[in-house]
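Residue-level structure breakdown
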Amino acid sequence: MTSHSIFYGEDRIDFQTVTLTDYPKRKVAIHVHPDGSVQVDAPSETTDLEIEEAVRKKARWVLKHITEAQQQRAQVLPRQYISGESYFYLGRRHILKITEEPIEKASIKMLRGRLEVRCETGNPGIIKDLLRGWYRKRAKEVFQRHLHAQVEQIPWLKSPPPWKLVVMQKQWGSCSPKGKLSLNPHLVKAPRECVDYVLLHELCHLKEHNHSDRFYRLLDELMPGWKAVKGKLDGMAELLLNE
Ligand SMILES: [Zn+2]
């Protein structure tokens, strides 16, 4: 998944490109997610230029849907990216503290229950991007570490499967038929046991590709209390998925 943007008049459209190697249709598909983010699905042979052209062609439609999504979300759970708001990391709430100062490179530090952002500007859009990048980085580290730890406990697995971060609106993870995992970076906001539950669930799909009895038996063996953990995660979903 890679980030791109195009300009349409005065509007900038940021979007993530998802390259699909086993894409059934040779066509670019554009999605505007409920949080206003834009996803472009493209077959692997599509060039960046072709993708940008496809987005530009539908720019009006995309902008309209981004606005609608943002308006709807603002009514549900407004986030303003200002000091005092809380942000989750591994199940713990951290209070955002933004310090505006003339520094070249913005930084984010987690310290005693606080998430401290130092930045040239408190512009909410910029803070939002910084936080998103920070969560992705943390997610990569945490998931990698947990996957390695789990592999050691799973007799039938020699090494962690390939995986990537994919922002999904309703799913924490998925496993492709080829055995590649997609993991939602928002999951790093959830408690560690929830992270483990999702990883184990997806790892079990390497052996059982559906939700059969055999699949659940496998999951039961690896994490006997997974149902409770799942319930906990389900209950936090809206909160954690609200960027
Ligand atoms: Zn599943």
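Residues numbered from 1 in each chain as written. Predicted model: local features only at pLDDT ≥ 70, side-chain atom pairs only at ≥ 80, totals over all residues. Heavy atoms only, no water.

Time to look at the overall build of the chain. Assigned secondary structure in the chain consists of six helices and eleven strands. Relative to the 2.2 N^0.38 estimate, which gives 18 Å for 243 residues, the radius of gyration of the chain is 19 Å and therefore close to what a compact globule would have. C-alpha extents for the chain along the principal axes are approximately 55 × 50 × 35 Å. Across the 243 residues of the chain, 43% fall into the buried class. (Helix = DSSP H or I, 4+ residues; strand = E, 2+ residues; numbered from the N terminus. Rg over C-alpha atoms; globule rule 2.2 N^0.38 Å. Buried < 20%, exposed > 50% of the residue type's maximum accessible area, 1.4 Å probe, protein only.)

Here the focus is the sheet that holds strand S9 (residues 163-165). Taken together, the three strands give an open sheet; going across it, the order is S9-S11-S10, and neighbouring strands pair in mixed fashion. The open sheet terminates on both sides in strands that have one partner only, identified here as S9 and strand S10 (173-175). Strand after strand, the sheet turns through a mean of 15 degrees between neighbouring axes, direction not considered. Pairing between S9 and strand S11 (residues 181-183): three bridges, direction parallel. The residue bridging tryptophan 163 from the neighbouring strand is leucine 181, located in S11. In the packing of helix H3 (residues 124-153) onto the sheet, contacts are made with S9 and S11, and the angle to S9 comes to roughly 155 degrees. Against the sheet, helix H4 (residues 192-204) makes contact with S10 and S11, and its axis sits at roughly 15 degrees relative to S10, the strand it touches most. (Pairing = 2+ DSSP bridges. Axes fitted to C-alpha atoms, helices over the stretch in contact; angles between N-to-C directions. Contact = heavy atoms within 4.5 Å.)

All told, the structure shown has nine salt bridges when counted by the stated rule. Here lysine 232 ties to glutamate 193 by a salt bridge, and the two come within 2.5 Å at their closest N and O atoms. Here the residue lysine 232 occupies a position in helix H6 (residues 226-241), and glutamate 193 occupies one in helix H4, the gap between them amounting to 39 residues. Its relative accessible area of 38% is what places lysine 232 among the partly exposed residues. When the shortest N-O distance is used, the salt bridge between glutamate 208 and arginine 214 registers 3.0 Å. (Salt bridge = Lys/Arg side-chain N within 4 Å of Asp/Glu carboxyl O.)

All right, on to the coordination of the zinc ion then. Six octahedral donors at a metal ideally form angles of 90 or 180 degrees, and four tetrahedral donors ideally form angles of 109.5 degrees. With distances of 2.0 to 2.1 Å, the protein atoms coordinating the zinc ion are His201 (NE2), His205 (NE2) and His211 (NE2). For histidine 205, a relative accessible area of 8% translates into the label buried. (Donors = N, O, S within 2.8 Å, 3.2 Å for Na, K, Ca; no water.)

To continue, consider the confidence of the model for the chain. On average, the chain scores 89 in pLDDT, and the residues at 70 or more come to 93%. The lowest-confidence element of the chain is helix H2 (residues 59-76), averaging 80 in pLDDT; the highest-confidence one is H4, averaging 97. (pLDDT = per-residue confidence, 0-100.)

Attention now goes to the sheet that holds strand S6 (residues 92-100). With mixed pairing, four strands are arranged side by side in an open sheet as S5-S6-S8-S7. Edge positions in the sheet fall to strand S5 (86-89) and strand S7 (107-111), since each of these pairs with one other strand and no more. The average undirected angle you get between the axes of adjacent strands in this sheet is 30 degrees. Relative to S6, S5 is paired through four bridges, and the arrangement is antiparallel. Following the sheet pairing, phenylalanine 88 is matched in S6 by arginine 93. Docked against the sheet, H3 engages S5, S6, S7 and strand S8 (114-119), running at close to 125 degrees with respect to S8.

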